[in-house]
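Breakdown of the fold
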Number of protein chains: 2
Amino acid sequence: MLLGSIEAGGTKFVCAVGDGDYRIKNQTVIPTTTPAETLTATINYFKQFKLDAIGIASFGPIEIRRHADDYGFITKTPKPGWSQTDFVGPIRQALDCPVAWTTDVNGSAYGEYVMAGLTNAQLDSLVYYTIGTGVGAGAVINGQFLGAVGHPEMGHVLVKRHPDDLAFKGICPFHGDCLEGLVAGPTFEARTGRPGSEVPLTDPVWDIMSYYVAQAALQTTLTIRPDKIVFGGGVVSEGFLQKVRRDFKTLLNGYVTVPALADYLTVPLMANNGSATLGDFALAAQELKRA
Amino acid sequence: MLLGSIEAGGTKFVCAVGDGDYRIKNQTVIPTTTPAETLTATINYFKQFKLDAIGIASFGPIEIRRHADDYGFITKTPKPGWSQTDFVGPIRQALDCPVAWTTDVNGSAYGEYVMAGLTNAQLDSLVYYTIGTGVGAGAVINGQFLGAVGHPEMGHVLVKRHPDDLAFKGICPFHGDCLEGLVAGPTFEARTGRPGSEVPLTDPVWDIMSYYVAQAALQTTLTIRPDKIVFGGGVVSEGFLQKVRRDFKTLLNGYVTVPALADYLTVPLMANNGSATLGDFALAAQELKRA
């Protein structure tokens, strides 16, 4: 069996081919330029193989309701040239195989859900946050994605402001100081004039960051009660998550029972965002069974 | 077929018996005193009937995981005398029928989900908030409750503070200014010295309230993407929800598509919290099929 994976990001498409055990047999990276150019290069790459099914985890927003007229489209995206792009249609037509279609964070969430399930039979639900250029999250509950009328956009919730951060307006063009507006990677430049990679963890700005990310973990805990919350993306490190766990514990104040925090709020099990590729393979295999 | 319903609240147990069409055939109200006294009176009431199944929607926190040793218990509740009370055990033993067991808000959520489904075939998911003495919410997604490792506690999320309300500390004994600490009924006394029923909707305190409740709706929307969010409880009126819809629209800023707000953010379809009884009947009927 050969399965395909497209991790479709705003700067690059990570394409991979795997076998029935989800082992990667081949991979390539295609820059994200125009839809026509990028999709053509993607299709040409996969045409070298005879795929049984393919999974796509795409930047968005995207249409995920199967009965919608524009199912499989990237919809109203801020990325120039990509609004109202039919993504699934051309792929399915060219590769003639079942196509699984979900958001980038759902793909990663599913990969981490599969990985965590390899060692933890009790794990039924998992939420995956990415905190990078943007902030988003996907949730898997008993093998199903959360969000029937559309995918979650947990990156844009509002949070209680940190008392030392009240002057910062936030950088989200839609909501100002929503979660993404307060903790996305570019907030480091906006707050400190330096990229986050140059700001040491001892800098107080990281405590402001952890206060907000801990609130995201709190909202997720009190709303979804998942078994595990994974944080990926360029902003996240184990050192940062130690601060997040500290603030989460204070904010939750023992109100509900959660697993040991070192197991509950974690970095991804798969390095280098490999969880998206694994998730795509697993979703492709599922789609094949559906077909 | 005869189905039972217990809507177990902190001040009273509303008990009802219904038929297979969920029509109420008999009902009574039992004051909530000690567990022994209240459960005995409840059992004696239902023993008059030969129930096929019963549904219980209880105040909490409660243990809902079927594999847990204390499944069916009210766990660590602030209500004096009721911590670690086995609720399902005595009821099942005395009435010798299947027992469905969930939280008070889940019961109401399920009742509203059944009601809304009578006229809307597209409705797959619904969230029910109660805003009264406390604040809580339950969510139904494709007939299943959200929350595998425990029930949601959405009443205790944090929210961005209203600029005219920064001096108010909130009244939640666990978290101070969490959502419940800012919008539960007793906040009217704390903020204005008057009960909410005596504060006209033109008072600016209602705009502070609606800003917070709109954030709860926003969090729920961006996290769960439900088809409908229902608000019940003593604080809620259609006039108040008009303010909530206004603030929700501003906060969401068109970021994701939601149904028309008059259909999306609503008061309960069932008056006088009848949704809990209906939900219990429906859950009891399901439990009967499971058994």
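This write-up is about the structure you can find in this document. (Residues numbered from 1 in each chain as written. Chains lettered and ligands numbered in written order. Predicted model: local features only at pLDDT ≥ 70, side-chain atom pairs only at ≥ 80, totals over all residues. Heavy atoms only, no water.)

1. Thoughts on the nonpolar core
- Core analysis: the biggest nonpolar cluster contains 96 residues, and A:Phe231 and B:Phe231 have the highest contact counts within it.
- Setting aside residues up to four positions removed in sequence, A:Phe231 forms contacts with A:Tyr129, A:Ile131, A:Val213, A:Ala217, A:Val236, A:Leu241, A:Leu265, A:Thr266, A:Val267 and A:Pro268. (Core = buried A, V, L, I, M, F, W, Y, C linked by side-chain atoms within 4.5 Å. Buried < 20%, exposed > 50% of the residue type's maximum accessible area, 1.4 Å probe, protein only. Contact = heavy atoms within 4.5 Å.)

2. Side note on the sheet that holds strand 7 (residues 99-103) of chain B
Residue and element names in this part refer to chain B.
- Taken in spatial order, the 5 strands line up as 3-2-1-4-7 in an open sheet, and their pairing is mixed. Sheet topology places strand 3 (24-31) and strand 7 at the edges, where each strand pairs with a single neighbour. The average undirected angle you get between the axes of adjacent strands in this sheet is 15°.
- Pairing geometry for strand 4 (residues 53-58) and strand 7, over 5 bridges, is parallel. Bridging from a neighbouring strand, Ser 58 pairs with Thr 103 of strand 7.
- Each of strand 4 and strand 7 touches helix 3 (residues 104-117); the most contacted strand, strand 7, lies at about 105° to it.
- Sheet strands in contact with helix 9 (residues 274-290) are strand 1 (3-8), strand 2 (12-18), strand 3, strand 4 and strand 7, and its direction is about 130° off that of strand 1. (Pairing = 2+ DSSP bridges. Helix = DSSP H or I, 4+ residues; strand = E, 2+ residues; numbered from the N terminus. Axes fitted to C-alpha atoms, helices over the stretch in contact; angles between N-to-C directions.)

3. With respect to the relation of the copies chain A and chain B
- Expressed as a screw transformation, the operator carrying chain A onto chain B has a rotation angle of 180° and an axial translation of 0.0 Å, and the superposed copies differ by an RMSD of 0.0 Å. Those values place the two copies in the arrangement expected of a two-fold rotation axis. Relative to the rotation axis, the closest C-alpha in chain A is found at A:Lys160, a distance of 2.0 Å.
- Interface overlap between copies is the fraction of interface residues in one copy that are interface residues in the other; for chain A against chain B it reaches 100%, indicating a shared surface. (Least-squares fit on C-alpha atoms with pLDDT ≥ 70 in both.)

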